[in-house]
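Overview (structure and organization)
These are the residues of each chain, in order.
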Amino acid sequence: MRRVVSPEQARRIAVRAQLLDGSAKNVLETVRHLGFLQMDPIATVATPQQLVLHSRLGSFDTTELDRLLWEERKLFEYDAFIYPIEDLPLQKARMARFRRANTLKRDRWIRDFLRENARFRRHILRELEQDGPKLSRDFEHELMPAGQAHRWWGDRQVRLMLDILTARGEVAVAGRVGKQRLWDLAERVFPETETVPWREAERELKRRRQRALGVWRERGEWVAHPDVSDEPVPDRAVLLSPFDRLVHDRDRAEALFDFHYRLEMYVPQAKREFGYYVLPLLVGDRLPGRAEPRLDRKTGTLELLGAWGDTSRLDEALTGLAEFLGAERALPRGRKRPAAPRTRAPRRKASRPPRGRRR
């Protein structure tokens, strides 16, 4: 039965469906519930996957994510996303579909690229078979295609080849050395799984996406998943990653929360409305404001570069974020900490000063 809800109910359902109501318990179950975490190298405060988990779990051990990925193998990385290992059959269906794709201009471009660089492709697969896992820089070879400017990959087309082979399910990320990916043959990274036809996988992916989002628009109405409660949401204040699924669909976020949001890091500074990497502020089931924090890793301080809208609860969100990062809160620019009042200690015969609490 189709469950049509009011905008007020829809907001509460959306927040609860994304576990932003404080109900998340641990990293693994949170990823399983959300379906995935999107990855991105830009980390002015923390990586998107860490911010998404922090906004749900509060402070957590970030090494647990690496342990689940590379030691216990309960999660896996594919196409810049982190998925539960149980979803591998669905993602393998995507890989098979990618290999067969031949209708879009992009599909034909990839087919031509692989044909023109077939010797280099064979070289990568052979090197991994004999000596994998390896970093991308280990594939410097005379067969590497000549550099050609590309919007995302620049002129280092080794990465482009590896990303294409990953999308096809021929190679996979087996680990990381710092931020660098370790590559290996997919058959050595992924466990054997059943084969799911694409049509079946597509239906299941849609079902899971609707469950994770909680509400969606149909014919001008908000339709809700039957399993998500519309009870009032706890009054938490947290900052969200720009890649958080509560706001990732910008049009949906505007319709649901009356919150117009765009990530402006690729916008020239003079044309930005707000800032480089601005985070939405979630309070209960509302998005009343936004802020631009930045972690100064040299000094270990969390700075606030700007704030907009209703930020009366921002301090609470920043305090929680600073605790998670192990950082000290910095005062807004232009303000100084008040100097501690000077007091003259009474004279003592002993030369050793009195013991006090360490700060």
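As a starting point, this report considers the structure included with it. Nothing here was measured: the structure is a model prediction, and the numbers come from that model. (Residues numbered from 1 in each chain as written. Predicted model: local features only at pLDDT ≥ 70, side-chain atom pairs only at ≥ 80, totals over all residues. Heavy atoms only, no water.)

Let's talk about the sheet that holds strand S7 (residues 180-185)
Let me state the cut-off plainly: Only when DSSP finds a minimum of two bridges between them are two strands counted as paired. Comment: elements are numbered from the N terminus, with helices defined as DSSP H or I runs of at least four residues and strands as E runs of at least two. Two residues form a contact once any of their heavy atoms are found within 4.5 Å. With axes taken as lines fitted to C-alpha atoms, and helix axes fitted only over the stretch in contact, angles between N-to-C directions fall between 0 and 180 degrees.
One open sheet holds the 3 strands; their spatial order is S5-S7-S6, and the pairing between them is antiparallel. The open sheet has two edge strands with one neighbour each: strand S5 (134-135) and strand S6 (171-177). By the bridge criterion, 2 bridges tie S5 to S7 in an arrangement that is antiparallel. Within the sheet, the bridge partner assigned to Lys134 lies in S7 and is Trp183. The sheet contacts of helix H8 (residues 157-167) involve S6 and S7, and relative to S7 the element is tilted by about 50 degrees.

Quick look at unusual backbone geometry
How we decide: Only protein chains enter the accessibility calculation, which uses a 1.4 Å probe; a residue is then buried when its area is under 20% of its type maximum, exposed when over 50%, and partly exposed in between.
Gly132 connects to Pro133 through a cis peptide bond whose omega is 0 degrees. Relative to the helices and strands, Pro133 is located in the loop between helix H7 (118-131) and S5. Phi is positive for Leu19, which is not a glycine, with a value near 60 degrees. Along the polypeptide, Leu19 turns up in the loop between helix H1 (7-17) and helix H2 (27-34). Accessibility expressed as a relative area gives 11% for Leu19, which makes it buried. The backbone of Asp258 sits at a positive phi, close to 55 degrees, despite the residue not being glycine. For Asp258, the position within the fold is in the loop between helix H11 (250-257) and strand S11 (279-283). Since its relative accessible area comes to 69%, Asp258 is described here as exposed.

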